[in-house]
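# Understanding the architecture of this molecule
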Amino acid sequence: MGDDSEWMKLPVDQKCEHKIWKARLNGYEEALKLFQRIEDEKSPEWGKYLGLLKKFVTDSNAVAQLKGLEAALAYIENAHVAGKTTGEVVSGVVCKVFNQPKARAKELGADICLMYIEIEKAEVVQDELIKGLDNKNPKIIVTCIETLRKALCEFGSKIITLKPVVKVLPKLFESREKAVRDEAKLLAVEIYRWIRDALRAPLQNINSVQLKDLEEEWVKLPTTAPKQSRFLRSQQDLKAKFEQQQAAGGDEADGADDEEAEVAQVDPYELLEAVEILSKLPKDFYEKIEAKKWQERKEALEAVEALTKNPKLENGDYGDLVRALKKVIGKDANVMLVAMAAKCLAGLAAGLRKKFGTYAGLVVPTILEKFKEKKPQVVQALQEAIDAVFLTTTLQNISEDVLGVMDNKNPSIKQQASLFLARSFCRCTPSTLPKSVLKPFCAAFLKQVNDSAPEVRDAAFEALGTAMKVVGEKAVNPFLTDVDKLKLDKIKECADKVELVGKKGGGGGEKKEKPAAKAPPPVEAPAKPSGPSKKAPPAKAAGPPKKGKPATAPSAKSKKAPDTKEIVETELSLEVCEEKAAAVLPASCMQLLDSGNWKERLASMEEFQRAVEQMDKSEMPCQALVRMLAKKPGWKETNFQVMQMKLHIVGLIAKKGLFSKTSALVVLDGLVDKVGDVKCGSNAKEGLTAIGEACSLPWTAEQVVSLAFAQKNPKNQAETLNWLANAMKEFGFAGINVKAFINNVKTALGATNPAVRTSAIALLGVMFLYMGAPLRMFFEDEKPALLSQIDAEFEKMQGQSPPAPIRGAKKAGAEEEGDAAEEEEVDGGSADIMDLLPRTDISDKITYDMVSKISDKNWKVRKEGLDEVAAVISDAKFIQASIGELPMALKGRLNDSNKLLVQQTLNILQQIATAMGPSLKQHVKNLGIPVITVLGDSKSNVRAAAMTTLNAWVEQTGMKEWLEGEDLAEELKKENPFLRQELLGWLAEKLPTLRTVPTDLMLCLPNLYACLEDRSGDVRKKAQDALPTFMMHLGYEKMVKATGKLKPASKDQVVGMLEKARAVMPAKPAAPAKAGASKSASSAPAAKPASAPARNQSPSEDFSEPEPKPDTKKAKPAGPAAKKGVVGKKPPAKVGAKDEEDRSGPIFILVPNGKEQRIKEERALKILKWNFTTPRDEYVEQLKTQMSTSLAKWLQDELFHFDFQRHVKAIGAMIEHMEAEFDAVIGCLDLVLKWFTLRFFDTNTSVLMKALEFLKLLFLMLNRKNYQLSDYEASSFIPYLILKVGESKDVVRKDVRAILTMLCNVYAASKVFPLLLDGTKSKNSKQRSECLEELGCLIENFGMNVCQPSPAKALKEIATHIGDRDTTVRNAALNTVLAAYNACGEQVFKLIGNLSEKEMSMLEERIKRSAKKTPAAPTKQERPQKEHPTNPNATFLRKPAQEEVPNKLNQARAQNAHLEQSAPSIPKEFQLDLDVFENNHTCASDIPDLVQHKLDEVLEPVMIPERKMRPVSPHFDDIHNSTASTINFVISQVASGDINTSIQALAQIDEVLRQADKAEAMSGHIDQFLIATFMQLRLIYNTHMADDRLDKKDIFKLYSCIIGNMLSLFSMESLAREASMGVLKDLMHGLITLMLDSRVEDIEDGQQLIRSVNLLVVRVLEKSDQTNILSALLVLLQDSLISTAGSPMFSELVMKCLWRMIRFLPQTINSINLDRILLDVHNFMKVFPKEKLKQLKSDVPHRTLKTLLHTLCRLTGAKILDHMSMIENRNESELEAHLRRVVKHSANLSGLKSDKSTEKGALRSDDKLIKAKVSDILSEIFKKIGSKENTKEGLTELYEYKQKYSDADLEPFLRNTSQFFQSYVERGLRMIESEREGKGRIQTSTVIPQHSTDSYLPSSSAVPISSNGEDLNAAAYYERLKILRQRRGLENSTPEEDRPPLSSLRPSVASSTDMLHSKLSQLKESREHFQQEQSHSHSPTRSSSPASNLDDLKKRLERIKSNRQ
């Protein structure tokens, strides 16, 4: 028992492989329970048992084996990975289970096999079972057969491939074991159930008794089709359907499954073995067939006939045999032999099927010609032959030959050709019978329906009827427009009689095709229904170019009755015309038409025109009218005005009436005659264009050109050609007969007049746009000078795409053309143009003599023959497809022993390709494939020539023909390394360019796999390169399936390669948006971006950008984004709905403890440590494996895709999901970071930029969530990030630096430091300098303790770079050491060790310079200006470069536009960056981290400062959301000068504002939006209204949009309150100006507009921030009173607004900041003292002001006096006196007596208050002076305080201090005084504290100082500070607050708008990321006092600090 207890403790998986059977049994039992318990099929638990499963089933102990089988069955049923074990487990079952005596074991074994089939492993199971049939043990054979039968019975013949089973059946019937034979019989019966008679042929040779038995069993079988009863995992939908049908009851199920039965039909041909017959031909066959005696010829044919009766023939070279039979059919006089030869051909075609297609073109013309025979048996044999041949090829390939005989003189030939087509159509579907093929046939049939021979007519009717049945009436009707009703009925009658092949009745045309496609692989079934839809998009897209086809003209017209038929009119006599004209024209007009007085003729023309304009289309007698115009003087009219009218009327008639060619011929001559006339030419051209629209351009153009060149006038000729060139662009090139023009163009090119030559060349340029290079061929024999001009014109047109047609039938037919686009090859567009070229039939020139020369034994004669062929082709230029016997002759020369002749043949084939164009397709099989064979030649020059020829052919034919059939597979089979290498290379190049490929490509796979193991390394390499390109079309699954037939060793190797190929599989090219022959170049790109947003978000968000976060990359993202738009669209053809659903879930999967497990494995060295110089494959593979559990499968496929665009897409998806799936992201953070390190080694910039964008967002998020990187994560990421800091591209470096800065928030700076230090060892100088810069920043921000491993080591390392060769590196090193010097003073010199003299002097010089300089030292400017490390925005404030957020200097420039000189930024350690706080406007509740100074801490030993994690507001991510940037962009468009742009932008914003849930998005953009709006108002007022060219309605519309938007905005109080004072002031200014604009009243509905503005003004007054609006109105009033230019009405309206505000003061008083209002009133009174106010013409301003103050006093009482804290020197203020009077007065009124004493008391208490404040300030200052680090600053503040309050008493503060301290203070003050007086320019002191390491102190040095000693923008800082205070929820009204003195008058606030304007334009231009997100229109400065004092600012900041505490 002791043993037992040992194994009992083991884990389950170890028990299962224990040597004791009981342990194993117990293990299997527990495993079984475990397998039934695990719910997740992808659980990692399954992986443990993968290797053990075979042992489960092959256990040597029978009892344990039974349990093992049960457990294995449970495993296979539930585990996702079970499929990997199929081969080994099934082979184990076959060998070790099927031989067991126990029935239960066999049953379980069979169940396991069936379960494997259910999990999609049918092929492998079937192979193993068939292998089992060769086993010597009959028990195993019997069980294998039984299992196969069960599988077939349950899964059906779709899943169990019957061919290999049927192949082994005869052998089983021969077995000696009765049990095997009986089981075989049962299997045969089961197979018969599924495939019926297809089984008879393969079993015809078994024992007759057995066959008889089988026949008896077969008869008993029910006739209903069998049904699949068990389904694969992928067929669950089918299963559900099946169950429903079962429930519904039998009958319905039967009906529904008819189609299924049909689908399951198996082709007996597939089950047959191919027979090789060529070697069995009689030896003397070719002599006998030429024999003179007919009996001998008959003998030869009989031998062939016997051989061709074999139902399936082996592929081979049947060329000679076919030629021999063809000769008999064509030339033999004995009709019996003709019939025999035809039967032989039919047999060959039936036995070879598609492989016979090569010879089809050879025999079809001969058979058709032979139909002249009358004998029925000959005709029947020929019919059978041609029908069999048709099945081996396509209608397209033989259409030329058939059309060639359709107008033969012999009626029998015509009849039989039509009947053949009718039979062929029966076998077609709408897709295989496209309009392009049908059209020429219909044209031929229409001739035949009028034939004199009735049998020809009937045959034509039958063919047309069949076509109608197949493709539907709608498709055929356009071709039948001229057929009368009687004939049409006959055609319809025929259509009704037609029975289509393979269909019950005449079901839908597609039915036949689908089954074929569906048959073998069941897995594909669900995807197939997308077959038709797959075709739809290309068809639609192909629309426009197809318009270029003559084919489409009629179909385009089909819908519109008037256009339908070409209007045919008989020519009318002049009398009839006069009658008709008189009926519709006024009598006076008719009389005066030929008057002698030109004025009367002109009047008559005017009446004529009026009459035509009013006439209805149907009543207009066009011919009569134009005849009247042509009546004398007709086109000889001498007066140009009359002539102009006449020509104009012609155009009108052509446009309005039903204008026929007959009418056109009347006028064309006259129009052409006037086309060159200076005055009438344009009217003539318009007339010609109108006629072109009415009668089609091709016809009109032909007439016009021939007329022009029939006369001698060169001006007319030149202008005609110009008109034609323009018309081609407008109408497109459809149907233009090039031939007709070429000769005239040639004449023009030879003209003496240069204008004619120029026009001709210009016309050729336009034709070149449509025809391309072939056009030049017509002019090759022109003179070189002329040819060079033509070439120059073509060169100009190169690369342009023709414009979309805007006239003619194309336009009308555009909609109907959707389906007319035909399912043609993509290269159809060019083919259409090629069709237009005149082609010569050279078949008669290819004489028998020439062909025999080519095959001569003497190589010189052969060469002669080839030369003759080359000459014939080059003479013909363009040739038809029929080239007689030439293909076979040339094919023979491709394997000529003389290599020169091979090369010459290849050159001829290239010539043929160019000359024949697209119709070359039909020669691909017989001439193209042999070219591939030449690729195996041993000479490289021959191979190169063959490759050139091959590519020349493919250019004309497309790839489809080459890939169809087995030819390519056969070529790959040849074990020629050259051939394999070249062919695979060629396929690897061509396949990625194709959207779809024929399924025959599958046939190449076995040979491709063989190439992967070829002896030649080059072949193996090429085969590996080709794998991904095959996979993109065939799919990974199919390719893995195809490895099933390989040996196990090969299979493993190949599957491994497939895995690798899967990772680099290229994406399929997108369905072309075909800008082909007529789509305008511009429309294509425009369409792309539009599609991008639609894909990425719901329509409701259509104003936001597709990228989740805009980039800082100027215009760059457009590239990738646009691409993405396209790329993103690639898969739809393939990806089923199922895939799409897969993408909806989470993409990051949280694996518990996954990361910890990986860390353990790496430590235990189980996996590779992430450490490399360039990533090797094993690293990528390892990462891929690790990621497989942590990421969604589709995402992983994208991440490891070959195509970089997929990476961009994947990163986009990760950005979208990052926030939502934060925990899972953290769980796989190490993997994500590792994947991004791989991207750092990519060369593609768009991926890199996207990666950096993701990383920035990632680190922001990690910081926000207070996550800290582990060393494991950091070490596998940061070193690779540091590599990128040396990137040559600035944008990349900038982003990397930004990320490095953020890193310090999530990873200890002291750990980042050594990694950066390592980065300085790089060879890349940029990287060295950037790393040094970063180190400097770290020292600056974190002090010396950041220097690891120790300051001494680190600084020594840094100091070595002072002697670097590169200047930037030297500078960076010096700056870094300088930062250290600033942090620890002289000690640096000890730390850096010994430097050379030169380096030491450089360092000392640098330190000296920095000490001398003002804070704006240029050395520092090189230094990245680092902000507080905990501030996330710091990223973007690193270098004061142009692209970054503007530094103080830019702020100052923007706010004080008048200040031109620059004040450089101050990179001092202590500066308060208001920008940062202000821009970070989303942080609603927390105050910026200002450092709290506890002075006693200063003396304590220095600790490494703890980094402060600054909590970022939850909205912070909004900044990175694209919404903000989109809104910024839209707002910038509001101020556009283009009215439409502005209206669109306003409409977008209105949509946002109207939806409550979205309006929030506007928060933070209100000022910006209002600025844009009032700029637009100003623009309308100043520019648009004055511009007479603009439609006033447009302006009114723009006004309406603006006012509508404003009303929406100001109806939302939360948004309205965001408007700042300066902006409101400007807005009110704009609105009031608009109300006073008299021009508005003149616009229609102007009054209504003014009423709306009125309403808006009221809304603004009510909803805005009451302080801001009141303040704005006061400033506006002041400005309007100062400016004399303004209208008095303006001030009046401002005052009305003020009165309204005053009326509402009782309600609003609590929300008003009285300090600000009183300050504004104070400023107003300074500008307008009481006396000055009274001098104004009106007393209203004075009354308004008084009322305002009285109301305020009444509402607040004496408290109002406490609200004057912002006013400097309030005692001097007129306001204070006024308020005191009012307060006193109101107190008296209320009966409260106020004695002097109380008043004095009040004053005294006031003084006390001030004194208390003073003592606070002074004690604060003295505290500073007492501290070591702030002493200098304290002295400065004390000095400034004394200056300001000269009477301040310092005695109490100095009394208790030491004498030394007192003298120190006095000395300090004296020094400051002397310094300030002695220098013209004030310098601020720079204090470098010794200890504090991460503090920011407000200090005077933070404010730039201008050269005249004034603060540049103190007022701006006050304003911004105030905003900050409000934002932090602090009142601005505390009495301690001081406001700077306003010694100067208020400057006009306009400058603020200028500043904001500049911000807007900046926004438009730079698209900088953070600027775009955060640039905020700040409330404009309201004062910029030069003498402002900064103390107050500091105090306020102190207060903010204390509040924070």
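This one's a predicted model, so the numbers in the text were calculated from it and none came from an experiment.

Conventions we followed
- Residues numbered from 1 in each chain as written.
- Predicted model: local features only at pLDDT ≥ 70, side-chain atom pairs only at ≥ 80, totals over all residues.
- Heavy atoms only, no water.
- Helix = DSSP H or I, 4+ residues; strand = E, 2+ residues; numbered from the N terminus.
- Buried < 20%, exposed > 50% of the residue type's maximum accessible area, 1.4 Å probe, protein only.
- Contact = heavy atoms within 4.5 Å.
- Areas by Shrake-Rupley, 256 points an atom, 1.4 Å probe, with all protein chains shown as cover.
- Axes fitted to C-alpha atoms, helices over the stretch in contact; angles between N-to-C directions.
- Parallel < 35°, antiparallel > 145°, perpendicular 65-115°, else oblique.
- Left-handed = near helix turned anticlockwise from the far one by under 90°.
- Nonpolar A, V, L, I, M, F, W, Y, C, P; charged D, E, K, R; others polar.
- Phe/Tyr/Trp six-rings, centres within 6.5 Å; stacked < 30°, edge-to-face > 60°.
- Core = buried A, V, L, I, M, F, W, Y, C linked by side-chain atoms within 4.5 Å.
- Salt bridge = Lys/Arg side-chain N within 4 Å of Asp/Glu carboxyl O.

### With respect to the overall build of the protein chain
The number of helices and strands found in the protein chain is 107 helices and zero strands. The buried share of the protein chain, taken over its 2005 residues, is 54%. When contacts within the protein chain are restricted to residue pairs at least 6 apart in sequence, those whose partners lie at least 24 apart make up 77%. Accessible surface, the protein chain as shown: approximately 88,200 Å² in total, 53% of it carbon and sulfur.

### Some thoughts on the packing of helix 3 (residues 21-37) against helix 5 (residues 62-78)
Where helix 3 contacts helix 5, the two axes come as close as 9 Å, and the packing angle between them is 25 degrees. Comparing the axis directions of helix 3 and helix 5 gives the class roughly parallel. Crossing handedness for the pair helix 3 and helix 5: left-handed. Residues Trp 21, Leu 25, Tyr 28, Glu 29, Leu 32, Phe 35 and Gln 36 of helix 3 form the contact with helix 5, whose own contacting residues are Val 63, Ala 64, Lys 67, Gly 68, Glu 70, Ala 71, Ala 74, Tyr 75 and Asn 78. Looking at the contact of helix 3 with helix 5 residue by residue, the class counts come to 10 nonpolar, three polar and three charged.

### As for the packing of aromatic side chains
For the structure on display, the rule yields 30 aromatic pairs. Judged by centre distance (6.1 Å) and plane angle (70 degrees), the rings of Trp 962 and Trp 986 are edge-to-face. Within this pair, whereas Trp 962 is found in helix 55 (residues 960-963), its partner Trp 986 is found in helix 57 (residues 977-990), the two being separated by 24 residues in sequence. For the pair Trp 1235 and Phe 1236, a centre-to-centre distance of 5.1 Å together with 85 degrees between the ring planes defines the contact as edge-to-face. Taking relative accessible area as the criterion, Trp 1235 reaches 0% and is therefore assigned buried.

### So, the nonpolar core
Side chains of nonpolar character tend, in soluble globular proteins, to be buried together. Met 1562 and Phe 1610 are the most contacted members of the largest nonpolar core, which has 100 residues in total. Broken down by element, the residue count for this core peaks at 10 residues, all from helix 88 (residues 1592-1610). Those residues within four positions of Met 1562 in sequence are excluded, and the remaining contacts are Ile 1527, Ile 1531, Ile 1549, Val 1552, Leu 1553, Phe 1569 and Leu 1615.

### Quick word on helix 8 (residues 122-132)
Burial analysis of helix 8 places eight of its 11 residues in the buried class, which makes it a mostly covered element. Those residues of helix 8 lying buried are Ala 122, Val 124, Val 125, Gln 126, Glu 128, Leu 129, Ile 130 and Gly 132. Looking at the buried positions of helix 8, the neighbouring elements they touch are helix 6 (86-96), helix 7 (103-118), helix 9 (138-155) and helix 10 (162-173).

### Focus: the pattern of salt bridges
Considering all chains together, one arrives at 76 salt bridges under this definition. Notably, a salt bridge pairs Arg 1700 with Glu 1662, separated by 3.4 Å at the nearest N-O pair. You can see Arg 1700 sitting in helix 94 (residues 1688-1703) and its partner Glu 1662 sitting in helix 92 (residues 1646-1663), a full 38 residues away along the chain. Owing to a relative accessible area of 40%, Glu 1662 belongs among the partly exposed residues under this scheme. Sharing partners across several salt bridges, the network here consists of Glu 118, Glu 154, Arg 230 and Arg 233.

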